[in-house]
Amino acid sequence: MGYDESTMKYILILLVFAFGLLQPFQAGINSRMGAVLGDRVQAGFINGFVNVCLISLVLIVLLRGFPSLTLLKDAPWWAYLGGAIGAGVVMVQLTAAPVLGAGLLVAFFVAGQLSGSLIADTWGLVGYPVRSTSLVRLLAMVLIMVGVVLALLTDSPAVADPGVAGEGASES
């Protein structure tokens, strides 16, 4: 069943919002896995393994098949950095979530995402169309940064949950 462009845009906005809402939970879940395993790197591996399994299942169910080596050779070198960035995000979240808490983690994550998106749009990097940097977009950046500073200034010490942050805090 196909959707018109406007409907698809709203569906995608809802999906992005929903998965954005889940992002702090993912960080906490991954951090908990690190605590259970006693090793953040192993927890990152489990995250990546589940990711590969689910995407493989989607490819099979949708009868898309796996990418051919011929097509993979045609991809620019930087197209492979998406997986490396994803792994980095998981590892940073595993380490930072129990220390920063969900609020600061997400505040700094969103500030970084906004900064990166402004750079990517302004210069049309990695396939994005060039979008001019307007005063409104710059104001949005300033407001996000003010929000991050306020979140940092109002951060209160965490009440330790020995089942989450205390275990697995160091590498094995």
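Residues numbered from 1 in each chain as written. Predicted model: local features only at pLDDT ≥ 70, side-chain atom pairs only at ≥ 80, totals over all residues. Heavy atoms only, no water.

1. Some details on the overall build of the protein
A count of helices and strands for the protein gives 5 helices and 0 strands. By principal-axis analysis of the C-alpha atoms, the protein measures approximately 50 × 45 × 35 Å. Relative to its full complement of 172 residues, the protein shows a buried share of 16%. Pairs at least 24 residues apart make up 62% of the contacts formed inside the protein by residues separated by at least 6 positions. For the protein, the exposed area adds up to about 12400 Å²; of that, 74% sits on carbon and sulfur atoms. (Helix = DSSP H or I, 4+ residues; strand = E, 2+ residues; numbered from the N terminus. Buried < 20%, exposed > 50% of the residue type's maximum accessible area, 1.4 Å probe, protein only. Contact = heavy atoms within 4.5 Å. Areas by Shrake-Rupley, 256 points an atom, 1.4 Å probe, with all protein chains shown as cover.)

2. Description of unusual backbone geometry
The phi dihedral of Leu63 falls on the positive side, at around 55 degrees, and the residue is not glycine. Summarising the element assignment, Leu63 is placed in the loop between helix H2 (40–61) and helix H3 (69–74). Residue classification places Leu63 among the exposed residues on the basis of a relative accessible area of 76%. Unusually for a residue other than glycine, Val126 sits at a positive phi of about 45 degrees. Take Val126: it is sitting in the loop between helix H4 (81–123) and helix H5 (135–153). Judged by relative accessible area, Val126 falls into the exposed class, the value being 53%.

3. Looking at the pattern of salt bridges
Enumeration over the complete set of coordinates arrives at 1 salt bridge. In this structure, Asp121 and Arg137 form a salt bridge, with 2.8 Å as the shortest nitrogen-oxygen distance. Of this pair, Asp121 sits in helix H4 while Arg137 sits in helix H5, and the two are 16 residues apart along the sequence. (Salt bridge = Lys/Arg side-chain N within 4 Å of Asp/Glu carboxyl O.)

4. Quick notes on a nonpolar patch on the surface
On the surface, a nonpolar cluster with roughly 1100 Å² of combined accessible area is contributed by Met33, Val36, Leu37, Phe45, Ile46, Phe49, Val50, Leu54, Leu57, Val58, Val61 and Leu62. Broken down by secondary-structure element, the contributors of at least two residues to the nonpolar patch are helix H1 (5–37) and H2. Tracing the sequence through the fold places Leu37 in helix H1. Classification of Leu37 by relative accessible area gives partly exposed; the value is 36%. (Patch = residues over 30% accessible without salt bridge, like charges linked within 9 Å, V, L, I, M, F, W, Y side chains within 5 Å.)

5. Things to note about the packing of aromatic side chains
Tallying each qualifying case throughout the model produces 1 aromatic pair. For the pair Phe45 and Phe49, a centre-to-centre distance of 6.1 Å together with 20 degrees between the ring planes defines the contact as stacked. Highlighted residues: Phe45 and Phe49, both in helix H2, separated by 4 residues, approximately one helical turn. (Phe/Tyr/Trp six-rings, centres within 6.5 Å; stacked < 30°, edge-to-face > 60°.)

6. Here we look at the layout of surface pockets
Empty space within the largest pocket amounts to approximately 810 Å³. Lining the largest pocket are 23 residues, and of these Gln26, Asn47, Val50, Asn51 and Val90 lie nearest its centre. Secondary structure elements with two or more residues in the lining of the largest pocket: H1, H2 and H4. It is H2 that provides the largest number of residues to the lining of the largest pocket, a total of 9 residues. Among the residues making up the lining of the largest pocket, the classes are represented as 13 nonpolar, 10 polar and no charged. As a volume, the second largest pocket reaches approximately 640 Å³. Lining the second largest pocket are 20 residues; nearest its centre among them are Ile85, Gly116, Ser117, Val126 and Tyr128. Across the lining of the second largest pocket, the residue classes break down as 12 nonpolar, 6 polar and 2 charged. (1 Å grid on protein atoms, 1.4 Å probe; cavity = no way out; pocket = protein on both sides within 12 Å on 5 of 7 lines; lining within 4 Å. Points joined across faces, edges and corners; volume = space filled by probe spheres on them. Nonpolar A, V, L, I, M, F, W, Y, C, P; charged D, E, K, R; others polar.)

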